[in-house]
Amino acid sequence: MFYAIISEDVPSSLPLRATARPAHIERLQQLKHEGRLLLAGPHPAVDSSDPGEAGFTGSLVVAEFSSLEAAQAWADADPYVAAGVYAQVTVKPFKKVLP
């Protein structure tokens with residue numbers, strides 16, 4: 001089943017994101033390689049695909065896991081969590097309808 005991992009950044013998270021980004025992206029690439037990643041990306045703090053110094057307010061990952069517990073464990077091990085990027089992470093089941 002798919003699960004949505006919805007993360008909210010701490011204020012001024014851009015420097016923290018920069019430090020942990022390579023390890024964060026590596027884990028997402030692994031999900032993609034395994035055919036389990038539906039989508040992933042950050043929420044820009046301003047209405048722009050490149051928010052510059054405004055940074056990001058959070059992230060969304062939708063991926064396939066064997067259970068809610070497995071999805072939560074994966075989210076808890078995110079390098080962004082360890083780096084203090086996220087103030088809050090919510091994991092919940094996701095049902096893909098379209099496309």
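Note that the coordinates shown come from a computational prediction; the quantities given were computed from them, not determined experimentally.

Asks: How would you summarise the overall build of the protein chain if you had to cite specific residues and measurements?
Replies: Check the secondary structure of the protein chain and you find 3 helices and 4 strands. When the helices and strands of the protein chain are read in sequence order from the N terminus, they spell out β-α-β-β-α-α-β. Taking 99 residues into account, the globule formula puts the C-alpha radius of gyration at 13 Å, and the protein chain, at 13 Å, falls close to it. Taking the principal axes of its C-alpha atoms as reference, the protein chain extends roughly 35 × 30 × 25 Å. Once local pairs closer than 6 in sequence are excluded, the contacts in the protein chain between residues at least 24 apart make up 74%.

Asks: Got a sec to walk through helix H1 (residues 14-33)? Specific residues and values, please.
Replies: Taking 1.5 Å of rise per residue, 20 residues should cover 28 Å, and H1 covers 27 Å from first to last C-alpha, within 8% of that figure. Along H1, the residues that are buried comprise Arg17, Ala20, His24, Arg27, Leu28 and Leu31. Taken together, the buried residues of H1 touch strand S1 (2-9), strand S2 (37-44), strand S3 (56-64), helix H2 (68-76), helix H3 (79-82) and strand S4 (86-94). Positive phi shows up at Gly35, right after H1, with a value of about 75°.

Asks: Explain the side chain of Ser59 to me, using residue names and the numbers behind them.
Replies: Checked against the element boundaries, Ser59 lands in strand S3. Polar side-chain contacts of Ser59 include one of 3.2 Å to the side chain of Tyr86. Sequence-distant contacts of Ser59, that is, excluding residues within four places in its chain, are made with Ile5, Ile6, Ser7, Arg17, Gly41, Pro42, His43 and Tyr86.

Asks: Explain the pairing of S1 to me, and be specific about the residues and the numbers.
Replies: Sheet topology places S1 next to S3; 7 bridges connect them, and they run antiparallel. The residue of S3 that forms the bridge with Tyr3 is Ala63. Bridging between S1 and S4 involves 8 bridges; their strand directions are antiparallel. Across the sheet, the residue bridging to Tyr3 is Pro93, located in S4.

Asks: Give a description of H2 that names residues and reports values.
Replies: Those residues of H2 that sit buried are Ala71, Trp74 and Ala75. Along the axis of H2, the buried residues cluster in a sector spanning 100°; they form a single face. Along its buried surface, H2 packs onto S1, H1, S3, H3 and S4.

What counts and what doesn't
- Residues numbered from 1 in each chain as written.
- Predicted model: local features only at pLDDT ≥ 70, side-chain atom pairs only at ≥ 80, totals over all residues.
- Heavy atoms only, no water.
- Helix = DSSP H or I, 4+ residues; strand = E, 2+ residues; numbered from the N terminus.
- Rg over C-alpha atoms; globule rule 2.2 N^0.38 Å.
- Contact = heavy atoms within 4.5 Å.
- Expected span 1.5 Å × (residues − 1).
- Buried < 20%, exposed > 50% of the residue type's maximum accessible area, 1.4 Å probe, protein only.
- Polar contact = N/O pair within 3.5 Å; in protein donor to acceptor, adjacent residues only side chain to side chain.
- Pairing = 2+ DSSP bridges.
- Arc of directions from axis to C-beta.

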